[in-house]
Amino acid sequence: MYISRRNNVTTMGPADGPVVVLAHGFGCDQNMWRLTAPVLAQRYRVVLFDYVGSGGSDLSAWSEERYSSLDGYARDVVEVCEELRLRRAVFVGHSVSAMVGVLAAHAAPERIGALVMVGPSPCYIDDGDYRGGFTAQDIDELLASLESNYLGWSSAMAPVIMGNPDRPELGQELTNSFCATDPDIARVFARTTFLSDSREDLKSVSVPTLVLECSEDVIAPREVGAFVHAAIPASRLVTLDATGHCPQLSAPQATTEAILDFLAELP
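Residues numbered from 1 in each chain as written. Predicted model: local features only at pLDDT ≥ 70, side-chain atom pairs only at ≥ 80, totals over all residues. Heavy atoms only, no water.

Draft legend 1. The overall build of the chain, seen in detail. Each helix and strand in the chain was counted, giving eleven helices and seven strands. Computed over its C-alpha atoms, the radius of gyration of the chain comes to 17 Å, within 12% of the 18 Å expected for a compact globule of 267 residues. In terms of overall dimensions, the chain has C-alpha extents of about 45 × 40 × 35 Å along its principal axes. Residues classed as buried in the chain amount to 55% of the 267 residues present. (Helix = DSSP H or I, 4+ residues; strand = E, 2+ residues; numbered from the N terminus. Rg over C-alpha atoms; globule rule 2.2 N^0.38 Å. Buried < 20%, exposed > 50% of the residue type's maximum accessible area, 1.4 Å probe, protein only.)

Have a look at this one:
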């Protein structure tokens, strides 16, 4: 069970139930799902894990070569699914993990039968008519700030990303999560995330897909949700009455209900 140890895999819910895999985003770990996972586990077998380099994963397994592209993270997903012998699982990916799920589903279609994308963005940089929410200069400055002072960047950016200034404890939680990540690993993951372009990969998605967006999100604005929805014919777009980039923490009930509604309609 090397992969399970490497990726700190945990499971909850009925062993024989339909499977839901929850995947975290940049600077986070499986704890991001702590408010949604127990509710999902009342009906489903829930699989949680940490990408190598995050949370309780085996840091000795991390390599810059592998994790300098989203394919490396997709390999983590496929290997977890293979070790657990999952078939037709529902993959729920937050933020950059939404695109990781697209890659994993393409690489191992027998393992993933549906996708839930929470705050997805296939490309963060504006490009012609495409609006990703950032200019190339914005991203260059973001990465330069992160690489020069990761802890300072985390303290400044996490509350902005969380986007609920009236609840500062949420921003502090994300700050703590970012700061718990090894800065050298975080720098690589950040470049992999913010310089990625998965727009063409969306064309490969043929499984039922739920696109979950927030009404206000500085990382994945609504123009991006509309683009993802339009690019995937089998998708459904739901806009949550929530702000920020982490609705599983800021609006856990609405997030969980939207996922459950989608799951209930799967064949």
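Draft legend 2. View of the environment of T181. The residue T181 is located in the loop between α7 (168-179) and α8 (183-194) in this model. For T181, a relative accessible area of 10% translates into the label buried. Considered as a pair, T181 and G55 are 126 residues apart in the sequence and their alpha carbons are 7.4 Å apart. Apart from the residues lying within four places of it in its own chain, the contact partners of T181 are G27, G53, Y150 and A186. At 3.3 Å, the side chain of T181 forms a polar contact with the backbone oxygen of S177. (Contact = heavy atoms within 4.5 Å. Polar contact = N/O pair within 3.5 Å; in protein donor to acceptor, adjacent residues only side chain to side chain.)

Draft legend 3. Local environment of the packing of aromatic side chains. Tallying each qualifying case throughout the model produces twelve aromatic pairs. Taking the centre distance of 5.5 Å and the plane angle of 75° together, the rings of F26 and F189 count as edge-to-face. Of this pair, F26 sits in the loop between β2 (19-23) and α2 (37-40) while F189 is found in helix α8, placing the two residues 163 residues apart along the sequence. Each of the two residues, F26 as well as F189, counts as buried. Pairing Y130 with F227 gives two aromatic rings, centres 4.9 Å apart and planes at 75°, and the pair type is edge-to-face. One end of the pair, Y130, is in the loop between β5 (112-118) and α5 (136-148); the other, F227, is in helix α9 (residues 222-231), and 97 residues separate them in sequence. Members of the aromatic cluster, connected to one another through ring pairs, are F26, F49, Y51, Y67, Y73, Y124, Y150, W153, F178, F189 and F194. If you follow R199 out to its NZ or CZ, it ends over the ring of Y130, 4.8 Å from the centre. (Phe/Tyr/Trp six-rings, centres within 6.5 Å; stacked < 30°, edge-to-face > 60°. Lys NZ or Arg CZ within 6 Å of the ring centre and 35° of its normal.)

Draft legend 4. Quick peek at empty space enclosed by the protein. This model, assessed by the stated rule, comprises one cavity of 30 Å³ or more. Of the volumes computed, that of the largest cavity is approximately 120 Å³. Lining the largest cavity are 14 residues, and of these F26, S95, I161, F178 and H245 sit closest to its centre. For the lining of the largest cavity, the secondary-structure elements that each account for two or more residues are α7 and α8. Of the residues belonging to the lining of the largest cavity, the class tally is nine nonpolar, five polar and no charged. (1 Å grid on protein atoms, 1.4 Å probe; cavity = no way out; pocket = protein on both sides within 12 Å on 5 of 7 lines; lining within 4 Å. Points joined across faces, edges and corners; volume = space filled by probe spheres on them. Nonpolar A, V, L, I, M, F, W, Y, C, P; charged D, E, K, R; others polar.)

Draft legend 5. Representation of unusual backbone geometry in the model. Positive phi outside glycine occurs at R85, with the angle close to 55°. Inspection of the secondary structure assignment puts R85 in the loop between α3 (70-83) and β4 (89-94). The backbone of R88 shows a phi angle near 55°, a positive value even though the residue is not glycine. Counting through the fold element by element, R88 comes out in the loop between α3 and β4.

Draft legend 6. View of the pairing of β5. Across the seven residues of β5, seven count as buried, placing the element largely inside the fold. Of the pairings in the sheet, the one linking β4 to β5 comprises six bridges and is parallel in character. Across the sheet, H94 pairs through a bridge with V118, a residue of β5. Handedness of the β-α-β unit built from β4, helix α4 (residues 96-107) and β5 comes out right-handed. Strand direction decides the pairing type here: β5 and strand β6 (residues 209-216), joined by four bridges, are parallel. When the sheet's bridge partners are listed, L115 is paired in β6 with T209. (Pairing = 2+ DSSP bridges. Right-handed = clockwise from strand over helix to strand, strands pointing away.)

That is the geometry; function is a separate question.
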